[in-house]
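Letter by letter, the chains look like this.
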Amino acid sequence: MPQELRAVDWTGSGLALIDQTLLPHRHETMAVHDVDTLVDAIQRLVVRGAPAIGAAGAYGVALAIIEGEREGWTEAEVRAAVARVREARPTAVNLMAGVDRVMTRFAEGLDAVLEEAAAVQREDVAANRAMGAFGADWLLAKLQQAGVERPLRILTHCNTGALATAGWGTALGVIRELHARGRLEVVYADETRPLLQGSRLTAWELVQEGIPHYVQADGAAAGTILRGEVDAAIVGADRIAANGDTANKVGTVGVALACADAGIPFLVAAPTTTVDLATGTGDEIHIELRGEAEVLEWAGVRTAPAESRGHNPAFDVTPGRLVTGLVTERGVLEVSAGELPGDRLNMGRSVSSSELR
Ligand SMILES: CSC[C@@H](O)[C@@H](O)C(=O)COP(=O)(O)O
């Protein structure tokens, strides 16, 4: 197996981000030593994926402290810089949660902040590994009940691998686990808006793992599912409301609707850090609206008529009733069958995975 990727790394004095706008043709690391550069990197999707921007945001607090010392900022100026990192993108709750968690150690100084940020990163990798095992167990058992014994054909949307997390991956982690168990036939990777995260990043990670796959247009997903070419879909999440409504990359809800119509499982794999119990339903989730150029142009060249306006939501909300299973590091919740995160994931208390399943 190739060496595990680290999309977000702390070098001792700053952040090293794999520049995800350049893959798969160029694998370059971007050094980040100031808050403005980090905010820009998050907004341009140099670093992207909910858990990865959560880790970047956590280290962003350290960056603000170091820059503040260098530039002679007041504490209020450092806090304002932290707030800019926290607000760089609005939908993934991991960004806010990562910043807020580390800010609880702010008064203790830089070393404590770095220690907490490293914990955010470490815990995310552990959560991903646990999700991989829970998700694969659940899926194999469910499909066996449905009479499917052969290796599985899985559809995924966007990129949820090592690049989108602190390591290993959420939905792609489940896929990697199925592959490691010899139970995966092929992956359908939707190409994904706005920056082809599926065809550039997911496909690249699948190549590294030697996993057979097809890249397909997002618009092909429903047809592939309804033709019976897919056994289950697994996606990630940017924010999950208490009722199980799930914000994820635009196009996800169409995949979920097709799975419901075809009667196949639609799984969301996400760490509990992506569950936002303060958000009751998907209606309350702020969906990032990105610049019009991303849909009116192709590779920087205008393709739509000059008169056209662009509509570019980065995410959509899949109603909890369409989520067959929510895979977390604590186990699997059968959301569409009534196991709602708000009832079952009391964050203040440790819940055993057997209790969840
Ligand atoms: C493990 S990543 C989960 C989600 O963040 C992912 O599915 C997604 O929608 C990413 O969107 P992006 O705009 O590329 O940051």
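Remember, predicted model here, so these are calculated numbers, not experimental data.

Trainee: Looking at this structure, I do not really get the overall build of the chain. What am I missing?
Mentor: Each helix and strand counted, the chain has 12 helices and 15 strands in total. For the chain, the C-alpha radius of gyration of 20 Å lies close to 21 Å, the compact-globule estimate for 357 residues. With the C-alpha coordinates of the chain rotated into their principal frame, the extents come out at 65 × 55 × 40 Å. Sequence-distant contacts, at least 24 apart, represent 73% of the contacts inside the chain between residues at least 6 apart. Total accessible area on the chain is roughly 14,200 Å²; 51% of this is exposed by carbon and sulfur atoms. Charge centroids of the chain, computed over 32 positive and 48 negative side chains, lie 3 Å from each other.

Trainee: Whenever I open this one, the site of the ligand confuses me. Can you help?
Mentor: Around the ligand, 17 residues are found, and the nearest of them are Arg48, Ala50, Arg89, Asn248 and Lys249. One of the side-chain N or O atoms of Asp238 is found 2.9 Å from an oxygen atom in the ligand. Between Lys249 and the ligand, the recorded distance is 2.8 Å, taken from a side-chain N or O atom to an oxygen atom. Expressed as a share of its isolated accessible area of 420 Å², the protein-covered part of the ligand is 99%. The cavity that encloses the ligand is the largest cavity. Only helix H2 (50–71) and strand S9 (246–249) provide two or more residues apiece to the shell around the ligand. Two domains each provide a minimum of three residues to the shell around the ligand, namely domain 1 (8–122) and domain 2 (129–356).

Trainee: Is there a simple way to think about the UniProt feature "site: Transition state stabilizer" (unreviewed entry) in the chain in this case?
Mentor: The positions UniProt marks with the feature "site: Transition state stabilizer" (unreviewed entry) are Cys158. The class for Cys158 is buried, based on a relative accessible area of 8%. Dropping the residues within four chain positions of it, Cys158 is found in contact with Arg48, Asp190, Thr192, Gln197, Gly198, Thr202 and Lys249.

Trainee: I'm lost on empty space enclosed by the protein in this one. Help?
Mentor: To find leftover empty space, one rolls a probe the size of a water molecule over the atoms. For the structure shown, the criterion picks out one cavity of 30 Å³ or more. The calculated volume of the largest cavity comes to roughly 180 Å³. If you trace the largest cavity, you find 22 residues lining it, with Arg48, Gly49, Ala50, Asn159 and Asp238 closest to the centre. Taken together, the elements giving at least two residues each to the lining of the largest cavity come down to H2 and S9. When the residues that make up the lining of the largest cavity are grouped by side-chain class, the tally is 10 nonpolar, eight polar and four charged. Counting contributing residues per domain, the lining of the largest cavity is built from domain 1 (8–122) and domain 2 (129–356), each supplying no fewer than three.

Trainee: Would you take a moment to explain the UniProt feature "active site" (unreviewed entry) in the chain for this structure?
Mentor: Here, UniProt's "active site" (unreviewed entry) annotation points to Asp238. What Asp238 contacts, discounting residues up to four positions off in sequence, is Ala50, Thr91, Ala92, Val93, Asn94, Ala247, Asn248, Lys249, Thr274 and Phe315.

Trainee: How should the packing of aromatic side chains be read in this particular structure?
Mentor: Between two aromatic rings, the relevant description is the distance of the centres plus the angle of the planes. Taken as a whole and judged by the stated rule, the model has two aromatic pairs. Between Trp10 and Tyr59, the aromatic rings sit 5.4 Å apart at their centres with planes inclined by 10°, giving stacked as the arrangement. Of this pair, Trp10 sits in strand S1 (residues 8–10) while Tyr59 is found in helix H2, placing the two residues 49 residues apart along the sequence. As far as the burial class goes, Trp10 and Tyr59 line up, both buried. Over the ring of Phe315 we find Lys249, and its NZ or CZ is 4.6 Å from the ring centre.

Trainee: Explain the pattern of salt bridges to me, please; I cannot follow it from the model alone.
Mentor: Opposite charge on two side chains allows them to pair when their charged atoms are near. Under the definition given, this model contains 26 salt bridges. Among the salt bridges present, the one from Arg101 reaches Glu123, with a minimum N-O distance of 2.9 Å. Of the two residues, Arg101 is situated in helix H4 (residues 93–103) and Glu123 in helix H5 (residues 110–145); the sequence distance between them amounts to 22 residues. Look at Arg101 and you get partly exposed, because its relative accessible area is 27%. On the accessibility criterion, Glu123 (42% relative accessible area) is partly exposed. Between Arg290 and Glu288 there is a salt bridge, with the nearest N and O atoms lying 2.9 Å from each other. Glu288 gets classed as buried once you look at its relative accessible area, which sits at 9%. Via salt bridges that share partners, Arg101, Arg105, Glu108, Glu115, Glu116 and Glu123 belong to a single interconnected network.

About the criteria used
- Residues numbered from 1 in each chain as written.
- Predicted model: local features only at pLDDT ≥ 70, side-chain atom pairs only at ≥ 80, totals over all residues.
- Heavy atoms only, no water.
- Helix = DSSP H or I, 4+ residues; strand = E, 2+ residues; numbered from the N terminus.
- Rg over C-alpha atoms; globule rule 2.2 N^0.38 Å.
- Contact = heavy atoms within 4.5 Å.
- Areas by Shrake-Rupley, 256 points an atom, 1.4 Å probe, with all protein chains shown as cover.
- Lys, Arg positive; Asp, Glu negative; His and termini not counted.
- Charge placed at Lys NZ, Arg CZ, Asp CG, Glu CD.
- Near = heavy atom within 4 Å.
- Polar contact = N/O pair within 3.5 Å; in protein donor to acceptor, adjacent residues only side chain to side chain.
- 1 Å grid on protein atoms, 1.4 Å probe; cavity = no way out; pocket = protein on both sides within 12 Å on 5 of 7 lines; lining within 4 Å.
- Sits in = over half its atoms within 2 Å of the grid points.
- Domains from an automatic or database assignment.
- UniProt positions renumbered as here; feature names shortened; annotations may be inferred.
- Buried < 20%, exposed > 50% of the residue type's maximum accessible area, 1.4 Å probe, protein only.
- Points joined across faces, edges and corners; volume = space filled by probe spheres on them.
- Nonpolar A, V, L, I, M, F, W, Y, C, P; charged D, E, K, R; others polar.
- Phe/Tyr/Trp six-rings, centres within 6.5 Å; stacked < 30°, edge-to-face > 60°.
- Lys NZ or Arg CZ within 6 Å of the ring centre and 35° of its normal.
- Salt bridge = Lys/Arg side-chain N within 4 Å of Asp/Glu carboxyl O.

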